[in-house]
Amino acid sequence: MKLVLAVIQDADATALVRVLSENAFEVTKLASTGGFLREGNTTLMIGVTEERLGELKRRVQQTCRSRTRLVAPSVPMGEQHEGLASDPVEVPVGGAVMFVMDVAEFVKV
């Protein structure tokens, strides 16, 4: 048995939970915040057998897409700190980060 913690963008959460539920994956949804943009994320806790882990990864990859966002930079540009950049910068966001852990025991009551 494996425990997967999947950290995804809020924008993908509803669709992914629906896809996983439709395919008989049990999912617990947690609200979370993080990343360098400090935006709302969703962390999903998913219990899965070793045999279905590949399918789970494919479903997450198909549902959680990467996108870009314009962000106003707030870090000094250049090595001599000649000021802050004022033009927005396009940065990639989205996709998913998945942590896969072995589970010593799983009990459902």
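Keep in mind it's a predicted model, so treat the numbers as computed, not measured.

1. Here we look at unusual backbone geometry
Piece 1. In the Ramachandran plot, Ala24 falls in the positive-phi region, its phi being about 65° despite a non-glycine side chain.
Piece 2. For Ala24, the location among the structural elements is in the loop between α1 (10–22) and β2 (26–34).
Piece 3. For Ala24, a relative accessible area of 59% translates into the label exposed.

2. A few points about the nonpolar core
Piece 1. Counting residues in hydrophobic clusters, the biggest one holds 14 residues, and the most contacted among them are Leu16, Leu20, Leu44, Ile46 and Leu56.
Piece 2. Every element with two or more residues in this core is listed here: β1 (2–9), α1, β3 (39–48) and α2 (53–63).
Piece 3. In this structure Ile46 touches Lys2, Leu3, Val4, Ala6, Leu20, Phe25, Glu26, Val27 and Leu56, once residues within four positions along its chain are discounted.

3. Some thoughts on the confidence of the model for the protein
Keep in mind that low pLDDT regions are not for reading the predicted coordinates in detail.
Piece 1. The share of residues in the protein with pLDDT of 70 or more is 79%, and the mean pLDDT across the chain is 83.
Piece 2. Across the protein, the secondary-structure element scoring lowest on mean pLDDT is strand β5 (residues 89–94), at 69, and the one scoring highest is α2, at 96.

4. Brief notes about the packing of α1 against α2
Piece 1. Running from N to C, α1 and α2 point in directions that differ by 145°, and their axes come no closer than 10 Å. Where α1 crosses over α2, the handedness of that crossing is right-handed. In contact with Asp12, Ala15, Leu16, Val19 and Leu20 of α1, α2 contributes Leu56, Arg59, Val60 and Thr63.
Piece 2. Taken together, the residues that form the contact of α1 with α2 break down as six nonpolar, one polar and two charged.

5. With respect to α2
Because an α-helix completes one turn every 3.6 residues, residues spaced three or four positions apart along the sequence face the same direction.
Piece 1. Looking at α2, one finds that the buried residues are Leu53, Leu56, Val60 and Thr63. One face of α2 carries all of its buried residues, which in axial projection span an arc of 100°. Within α2, the exposed residues directed more than 90 degrees away from the buried face are Gln61 and Gln62.

Cut-offs and rules
Residues numbered from 1 in each chain as written. Predicted model: local features only at pLDDT ≥ 70, side-chain atom pairs only at ≥ 80, totals over all residues. Heavy atoms only, no water. Helix = DSSP H or I, 4+ residues; strand = E, 2+ residues; numbered from the N terminus. Buried < 20%, exposed > 50% of the residue type's maximum accessible area, 1.4 Å probe, protein only. Core = buried A, V, L, I, M, F, W, Y, C linked by side-chain atoms within 4.5 Å. Contact = heavy atoms within 4.5 Å. pLDDT = per-residue confidence, 0-100. Axes fitted to C-alpha atoms, helices over the stretch in contact; angles between N-to-C directions. Left-handed = near helix turned anticlockwise from the far one by under 90°. Nonpolar A, V, L, I, M, F, W, Y, C, P; charged D, E, K, R; others polar. Arc of directions from axis to C-beta.

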